[in-house]
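# Close look at the chain arrangement
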Number of protein chains: 2
Amino acid sequence: MIYLDNAATTIRKPRQVIDAVVSAMDSMGNASRGAHGGALHASRTVYDARCKAAKLFGLSRPDHVVFTCNSTEALNIAIQGTIRPGSHVVTTDLEHNSVLRPLYRLQEEQGVELEFVRADRMGRLDMTGLEQLLRPDTGAIVCTHASNLTGEIVDIGRIGRMARERGILFIVDASQSAGNIPIDMESMGIDILCFTGHKGLMGPQGTGGMCIREGVEIRPLKEGGSGVQSYRRRQPEEYPTRLEAGTLNAHGLAGLSAAVDFILETGVETIGEKERSLARHFYELTEGIDGVKIYGDFSTNMRGPVVALNIRDYDSSEVSDALSQEYDIATRPGAHCAPRMHEALGTTDQGAVRFSFSWFNTMEEAEEAARAVRELAE
Amino acid sequence: MIYLDNAATTIRKPRQVIDAVVSAMDSMGNASRGAHGGALHASRTVYDARCKAAKLFGLSRPDHVVFTCNSTEALNIAIQGTIRPGSHVVTTDLEHNSVLRPLYRLQEEQGVELEFVRADRMGRLDMTGLEQLLRPDTGAIVCTHASNLTGEIVDIGRIGRMARERGILFIVDASQSAGNIPIDMESMGIDILCFTGHKGLMGPQGTGGMCIREGVEIRPLKEGGSGVQSYRRRQPEEYPTRLEAGTLNAHGLAGLSAAVDFILETGVETIGEKERSLARHFYELTEGIDGVKIYGDFSTNMRGPVVALNIRDYDSSEVSDALSQEYDIATRPGAHCAPRMHEALGTTDQGAVRFSFSWFNTMEEAEEAARAVRELAE
């Protein structure tokens, strides 16, 4: 199988990731529960993973790295845990349902006023429009770093400066960028960074988390066992325990920790460059094909390693099925949980076939995929 | 290491559990996202896991098995998602903080009236008292199946009958019983059963879930990507998607599925009997030791495979540390996230040293642990 659905989940992992999970399952107790060797081993591994995530994302406090089961959970905690009833929130057309649905919920149930920065037909964000939406009473900006549909990169640093100047909380969804675009929370002015472990970070499913700038207060979404302060009636106040109720997925986090090691050793720049060059190569081989329409702005190279396209007016699911069944090429069709972006691109009915690349793909695979697209178009 | 902290997490797993996780990490796409081979493989594995969990717990609808990252999350979803502001809720002194803290939160923030069924000095629940607490306006009973501290088993079937007769929602925390005590939701009258994957079920950390009786309505705690109905502004209504936002831990669930296979093949009765006999053997070897005080009612054999004890007035953490460092025996000391049970037992200050047994422990290990307790007491 030529696997080009890495924006959904990366199948190929560095070998050390799987080894770390296996070793963890054979040796780990429950992190932060007890002081025997197995429990301490789990606690230390999880703490190591916090340190590495903090290093990767430019956060000075490893204890402000909170682990969750995926980025959706992190985004729900961030959005539900900071935005007050009735406040004004700015978000964008590029967002995934993991941002949109929690915000729509607050809009419907808590009277939150929601405004959207618009994307054009190329999926580019209107940055001037964004600045105009900001008001003295704006409570938060919630924004993706990279579109999961077109690979469009948002200038997070610029938004972060606007947010910081105005004292607005800035929540970033790094689900598609973590691991392939450098992120530095401090210089980018990010207050809460939400990430998933199983996409660009190449870790196991069931892992993800959020990095929280010192001083940012988030109410817990869940409460429960904490292993400390057991006689307290409510969840302890301190991060990370404040937001981590119950047993952590230390098995998965051992894998994530090994994955982040790989990323730190290899370099986010190096990984991103390779992934982008794979996507660029595929783009260049497909863009001139008669009947193929590619979405997004390819005039810049600073993009996520994603190419979304359609062939004539064929249903994207049928194209993706044909790629899978006739060519053994895995892609993702349909709506990609990004309804407003499809509206911007004009692909609400057709969806789009997304080809997404990882460190482990090859130029030959990109070429084979392009050949398949050409054949289907002809 | 002699590992007797299985009530926190089971380290030893059936080999097929680890093999399943490794295989999943090498081959699985994102469950319910796309239709290529990798994605379908993940979807089918997760659906298989739902079928097995439904079979294990006597639920007729596999699509009403919802997976979460642990039982704490399941309990938070169940409690926050069903109990209405101002309603009357009955729970017990036996509960873990994963039940207590979500309920205290509703008490403080939503005016929920909370009443506790008391435990006596042996940790036994006052079942007559429970019935007396039930009122025409009682909205829910939330109850553990087995105390994580003493192993006391609650007669869930009897409470289920009381609840069903009165139309009261019945939520059960099976964190300590799943895999070692037979559970049949239908005959026991359970509306929502919350379980964890990494304890008695012998699966990976990062897995757990809830089984929901048909007709029970639960509001989502989190919303986000669902892979279906992407243009809907809110999470889809159908279980399990309704409560499962974002990418599932299909890697872990592959392991859990293999673990439940092992349990269904071996038999919950067989596993429970072996685990109870290990705990009973350890109990019989330690109960007469001068200076050793054991908590709980050992007049019955229907108990969780747990023995909690103290030696003289020694701090439980010091005893557990000595067991770990001098004997390489892993136990858990302290408060066990069960504050009201410690109050009932009179062990609030001292905590207790908990020895908890699994299918993979041996009689020799139980004997060695008992010898260590004897030496420490002498």
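Not measured: the values here are computed from a predicted model.

### Focus: the packing of helix H1 (residues 15–27) of chain A against helix H8 (residues 250–266) of chain A
All names here are of chain A. Where H1 contacts H8, the axes come no closer than 8 Å and their chain directions differ by 150 degrees. Taken together, the axes of H1 and H8 lie roughly antiparallel to each other. Crossing of H1 over H8 shows right-handed handedness. Seen from H1, the contacting residues are Gln16, Val17, Ala20, Val21, Ala24 and Met25; seen from H8, they are Ala250, His251, Ala254, Gly255, Ala258, Ala259, Asp261, Phe262 and Glu265. Here the residues of the contact of H1 with H8 sort into 10 nonpolar, three polar and two charged.

### Regarding the relation of the copies chain A and chain B
Turning chain A through 180 degrees and shifting it by 0.0 Å along the axis lays it on chain B, with an RMSD of 0.0 Å. Viewed as a symmetry operation, the transformation between the two copies matches a two-fold axis. When the interface residues of chain A are mapped onto chain B, 100% of them again fall at the interface, so both copies present the same face.

### Notes on the nonpolar core
Formed by 142 residues in total, the largest nonpolar core has its most connected members in Phe57 of chain A together with Phe57 of chain B. Ignoring sequence-local partners within four residues, the contact set of Phe57 of chain B consists of Ala178, Ile183, Asp184, Met185, Leu193, Phe195, Leu201 and Cys211 of chain B. Grouped together as the second largest cluster of nonpolar side chains are 58 residues, Val66 and Val99 of chain A together with Ala74 and Phe116 of chain B included.

### Concerning the pattern of salt bridges
All names here are of chain B. By the definition in use, this model includes 56 salt bridges over all chains. Here Arg124 makes a salt bridge to Asp297, at a shortest N to O gap of 3.7 Å. Of this pair, Arg124 sits in the loop between strand S4 (113–117) and helix H5 (127–133) while Asp297 sits in the loop between strand S9 (292–295) and strand S10 (306–311), and the two are 173 residues apart along the sequence. Residue Asp297 is classed as buried on the basis of its relative accessible area, which comes to 9%.

### Some remarks on unusual backbone geometry
Residue and element names in this part refer to chain A. With an omega of 0 degrees, the peptide bond between Tyr239 and Pro240 qualifies as cis. Within the secondary structure, Pro240 sits in the loop between strand S8 (208–212) and H8. For Gln229, which is not glycine, the phi dihedral falls at a positive 50 degrees. Among the structural elements, Gln229 can be located in the loop between S8 and H8. A relative accessible area of 37% means that Gln229 is categorised as partly exposed. One non-glycine residue, Arg312, adopts positive backbone phi at about 45 degrees. Along the chain, Arg312 turns up in the loop between strand S10 (306–311) and helix H10 (316–327). Given the relative accessible area of 38%, Arg312 is considered partly exposed.

### A word on the sheet that holds strand S3 (residues 88–92) of chain B
Residue and element names in this part refer to chain B. Across the sheet, seven strands lie side by side as S2-S8-S7-S6-S5-S3-S4; this open sheet has mixed pairing. Strands at the two margins of the open sheet, each flanked by one partner only, are strand S2 (65–68) and S4. Direction aside, the axes of adjacent strands within the sheet are offset by 20 degrees on average. Relative to S4, S3 runs parallel, the two being bridged by five bridges. Note that in S4 the partner of Val90 across the bridge is Glu115. The strands touched by helix H2 (residues 37–57) are S2, strand S7 (192–196) and strand S8 (208–212); relative to S2, the strand with the most contacts, the crossing angle is about 115 degrees. Lying over the sheet, helix H3 (residues 71–82) contacts S2, strand S5 (138–144), strand S6 (169–173), S7 and S8, oriented at roughly 155 degrees with respect to S7.

### Focus on the environment of Thr138 of chain A
Residue and element names in this part refer to chain A. With respect to the helices and strands, Thr138 occurs in strand S5 (residues 138–144). Spatially, the C-alpha atoms of Thr138 and Leu309 are 36 Å apart, while their sequence positions differ by 171 residues. Look past the residues within four positions of Thr138 in its chain and what remains in contact with it is His88, Val90, Leu133 and Ile168. Only 2.7 Å separates the side chain of Thr138 from the backbone nitrogen of Arg135, close enough to count as a polar contact.

### Digging into the domain arrangement of chain A
Residue and element names in this part refer to chain A. Under the domain assignment used here, chain A contains domain 1 (2–10 + 267–377) and domain 2 (15–266). One C-alpha centre belongs to domain 1, the other to domain 2, and the line joining them spans 26 Å. Opposite the 37 residues of domain 1 that make contact, domain 2 presents 37 residues. Both sides of the domain 1 and domain 2 interface together cover about 3,100 Å² of buried area, and 58% of this is carbon and sulfur.

About the criteria used
Residues numbered from 1 in each chain as written. Chains lettered and ligands numbered in written order. Predicted model: local features only at pLDDT ≥ 70, side-chain atom pairs only at ≥ 80, totals over all residues. Heavy atoms only, no water. Axes fitted to C-alpha atoms, helices over the stretch in contact; angles between N-to-C directions. Helix = DSSP H or I, 4+ residues; strand = E, 2+ residues; numbered from the N terminus. Parallel < 35°, antiparallel > 145°, perpendicular 65-115°, else oblique. Left-handed = near helix turned anticlockwise from the far one by under 90°. Contact = heavy atoms within 4.5 Å. Nonpolar A, V, L, I, M, F, W, Y, C, P; charged D, E, K, R; others polar. Least-squares fit on C-alpha atoms with pLDDT ≥ 70 in both. Core = buried A, V, L, I, M, F, W, Y, C linked by side-chain atoms within 4.5 Å. Buried < 20%, exposed > 50% of the residue type's maximum accessible area, 1.4 Å probe, protein only. Salt bridge = Lys/Arg side-chain N within 4 Å of Asp/Glu carboxyl O. Pairing = 2+ DSSP bridges. Polar contact = N/O pair within 3.5 Å; in protein donor to acceptor, adjacent residues only side chain to side chain. Domains from an automatic or database assignment. Buried area = accessible area lost by both parts, 1.4 Å probe.

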